[in-house]
Amino acid sequence: MCLLAVFCPVLSLHCQRLIRKVMSNKKRRNRKIISDSSQVSDQTVNQPSEEAGIKNSEIQTEHDDSLGKTGLFSYLKSNLLMVGIIAFVTLGVVASGLKYLDESAQQEINRRANPRRNLNERSEQSFLNKVNPFLPTPTPTPLPLSKEYVYAGSRLLAVEDKNASAAPPSDLAIWRPSSGEWWVMAGTGTQQVNQQWGSSGDVPVPGDYDGDGKTDFAVFRPSDNNWYLIYSSTGGTAQFAYGASGDKAVPADYDGDGKTDIAVFRNSNTTWYISQSSTSSTVSGAFGVSGDIPAPADFDGDGKADPGVFRESSTPNNSKFYSLNSTNLQTQETTFGVQYDKPVCADYDGDGKADIALWRSSDATWYIKQSTDASTQSIQFGIGTDTPVYNDYDGDGKVDIAVWRGTASSSPGGDVGKWYIRNSSNPSSTRIETWGAAGDKPVPAFWKRQ
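Residues numbered from 1 in each chain as written. Predicted model: local features only at pLDDT ≥ 70, side-chain atom pairs only at ≥ 80, totals over all residues. Heavy atoms only, no water.

Draft legend 1. Looking closely at the overall build of the chain. If you tally the helices and strands in the chain, you get 4 helices and 26 strands. Burial analysis of the chain (450 residues in total) assigns 41% to the buried set. Sequence-distant contacts, at least 24 apart, represent 41% of the contacts inside the chain between residues at least 6 apart. Looking at the chain as shown, the accessible area adds up to about 23,800 Å², and 53% of this sits on carbon and sulfur atoms. (Helix = DSSP H or I, 4+ residues; strand = E, 2+ residues; numbered from the N terminus. Buried < 20%, exposed > 50% of the residue type's maximum accessible area, 1.4 Å probe, protein only. Contact = heavy atoms within 4.5 Å. Areas by Shrake-Rupley, 256 points an atom, 1.4 Å probe, with all protein chains shown as cover.)

Draft legend 2. Structural detail: the pairing of strand S21 (residues 376-380). One ladder, built from 5 bridges, connects strand S20 (residues 365-369) with S21; its direction is antiparallel. The residue bridging Tyr-367 from the neighbouring strand is Ser-378, located in S21. Hairpin connection of S20 to S21: 6 residues between the antiparallel strands, including Ala-374 at a positive phi of 65°. (Pairing = 2+ DSSP bridges.)

Draft legend 3. Here's a closer look at the pattern of salt bridges. Using the criterion set out here, one finds 9 salt bridges in the structure. Its salt-bridge partner being Asp-386, residue Arg-405 comes within 2.8 Å of it at the nearest N-O pair. With Arg-405 in strand S23 (residues 401-405) and Asp-386 in the loop between S21 and strand S22 (387-388), this pair connects stretches of sequence that are 19 residues apart. For Asp-386, a relative accessible area of 5% translates into the label buried. Asp-415 is the salt-bridge partner of Arg-405, the closest N and O atoms lying 2.8 Å from each other. Taken together, the residues span a long stretch of sequence, with Arg-405 in strand S23 and Asp-415 in the loop between S23 and strand S24 (418-422) at a distance of 10 residues. (Salt bridge = Lys/Arg side-chain N within 4 Å of Asp/Glu carboxyl O.)

Draft legend 4. Geometry of the packing of aromatic side chains. For the structure shown, the criterion picks out 10 aromatic pairs. Relative to Tyr-390, the ring of Tyr-348 has its centre 6.5 Å away and its plane inclined at 40°; by these criteria the two rings are tilted. Within this pair, whereas Tyr-348 is found in the loop between strand S18 (342-343) and strand S19 (356-360), its partner Tyr-390 is found in the loop between S22 and S23, the two being separated by 42 residues in sequence. Grouping residues by exposure puts Tyr-348 and Tyr-390 together as buried. Taken together, the ring pairs in this structure connect Trp-175, Trp-182, Phe-217 and Trp-447 into an aromatic cluster. Across from the ring centre of Tyr-228, 4.3 Å away, lies the NZ or CZ of Arg-221, which sits over that ring. (Phe/Tyr/Trp six-rings, centres within 6.5 Å; stacked < 30°, edge-to-face > 60°. Lys NZ or Arg CZ within 6 Å of the ring centre and 35° of its normal.)

Draft legend 5. Main features of the sheet that holds strand S25 (residues 431-434). Taken together, 4 strands build an open sheet; the order of strands is S22-S23-S24-S25 and the sheet is antiparallel. Two strands in the sheet have a free side with no partner beyond their single neighbour: S22 and S25. Taken together, the 5 bridges between S23 and S24 define a ladder with antiparallel strand orientation. From the neighbouring strand, Ile-401 faces S24, where its bridge partner is Arg-422.

Draft legend 6. Highlighting the confidence of the model for the chain. Summing up the model confidence of the chain, the mean pLDDT is 80 and the portion of residues at 70 or higher is 68%. Contacts of residues 1-7 to residues separated by more than four positions or lying in other chains number 7 contacts, the stretch itself having pLDDT below 50. Low confidence marks residues 114-124, where pLDDT is under 50. Its contacts with residues over four positions away, or in another chain, come to 11 contacts. (pLDDT = per-residue confidence, 0-100.)

Draft legend 7. A look at the sheet that holds strand S14 (residues 293-294). With respect to topology, 4 strands assemble into an open sheet ordered S14-S15-S16-S17, the strand pairing being antiparallel. Edge positions in the sheet fall to S14 and strand S17 (331-335), since each has one partner strand and no second.

Draft legend 8. Inspection of the nonpolar core at higher detail. If you look at the biggest cluster of nonpolar residues, it comprises 15 residues, and the most contacted ones within it are Val-344, Tyr-348, Trp-366, Tyr-390 and Ile-401. Looking at this core, the elements with two or more residues in it are S19, S20 and S23. In terms of nonpolar packing, the next biggest core, distinct from the first, is built from 13 residues, Trp-197, Phe-217, Tyr-228 and Ile-230 among them. (Core = buried A, V, L, I, M, F, W, Y, C linked by side-chain atoms within 4.5 Å.)

Draft legend 9. The side chain of Lys-320, seen in detail. Along the chain, Lys-320 turns up in strand S16 (residues 320-324). On the basis of relative accessible area, Lys-320 is assigned to the buried category, the value being 19%. Within the structure, Lys-320 has its side chain in polar contact with the side chain of Thr-335 (distance 2.9 Å). Apart from residues no more than four positions distant in its own chain, Lys-320 is found in contact with Val-309, Phe-310, Arg-311, Glu-333, Thr-334, Thr-335 and Phe-336. (Polar contact = N/O pair within 3.5 Å; in protein donor to acceptor, adjacent residues only side chain to side chain.)

Draft legend 10. Expanded view of unusual backbone geometry. Of note, the phi angle at Ser-280 is positive, near 60°, even though the residue is not glycine. Along the chain, the position of Ser-280 falls in the loop between strand S12 (271-276) and strand S13 (281-286). A positive phi is found at Ala-364, a non-glycine position, where the angle reads about 50°. Note on placement: Ala-364 falls in the loop between S19 and S20.

Draft legend 11. Summary view of the side chain of Asp-347. Structurally, Asp-347 is set in the loop between S18 and S19. Look at Asp-347 and you get buried, because its relative accessible area is 0%.

Draft legend 12. Region of interest: the environment of Trp-183. Mapped onto the fold, Trp-183 is located in strand S4 (residues 181-184). The exposure class of Trp-183 is partly exposed, given its relative accessible area of 24%. Contact partners of Trp-183, with chain neighbours within four places excluded, come to Leu-172, Ala-173, Ile-174, Arg-176, Gln-192, Val-193, Asn-194 and Trp-435.

The structure is reproduced here in structure tokens:
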């Protein structure tokens, strides 16, 4: 653009000279034509006037074309250097203009990619910018992605897509061993539901076994090592023989297909047996030692549950937590906790990775090692006889600290069957709900029954 400003006066001056030169040549040609025409008229005095006029016109046209072409060619030949300079400058101006438009388009693309940049100055809003042929059509504003909630048993296993829009909160629910009944409290997107499934001695193992986004009623029966399911997608029932005497049920989504896999941890040989829903085949592997407490969760944030164990030690500050990451099959070791702590691993900081966490009944304190910065939080919440029921009750993508009180406390009037929830969205307040009775087992999950 600077070249245009410098050479515009030069171009204008030489254009004016060219016009004057052409006009001067035209005048000289006209005078010569008149003289020639007079001579022709004298020679054709005996011819009809119309024929003479036509002939004179033809002669004039021939002279115009010949002299015009000759004059222009002569001028260009005599000013060849200047013509070359003008052509060079013209090409430079065009190239500069194209470069400007290309840079302007690139700036606009960068601005769209990073809206925080300040590229909305007046100079960026010129007419050339608005008609820029290199500027791509703006893409639609993307909508925030929804979180993917992966459940393992009765708790939230992991949350995918950090800081995206939240999903509905978890529902309060209990399973009553005396009658084998399930009671789901009405909540956001869920109506109150009562379902008879299971019997005394069973272990509740709710999970999304059919992958429809709803938790299924399910129990594991240690007496015959069978799993009994009711699929929420169809209402149909299923029975699977899986496990052996002394096995501990550890259902979770180990293959990342959005379905809970039937799985057990065998303490006798410290082996995990997983029935993968994606392949309908069993995978197994030894991880841990005898006496370890299994605690699977998605510790590496890849959407797949990882085997994990808590190894308590009577030696102070010597208890450890081990996890086997599914991303690289590497074992992670963390010194954490004391004897008799209970693992309550889940994603408390909302980064898509489960945090190593323990519930200490001796002082009713939650100890959480956050995966975001490896710092440890200690939060006193509940009383020693409470049952931890951690889950995402406010739908903000972070698991909330919560307890269910299955026995009467020392408070006047008792509070059996009460839920105490410390929502991560508002930690200063406690949500209190009454749902259940003594002897029940809390099974909070995303039931979504309509």
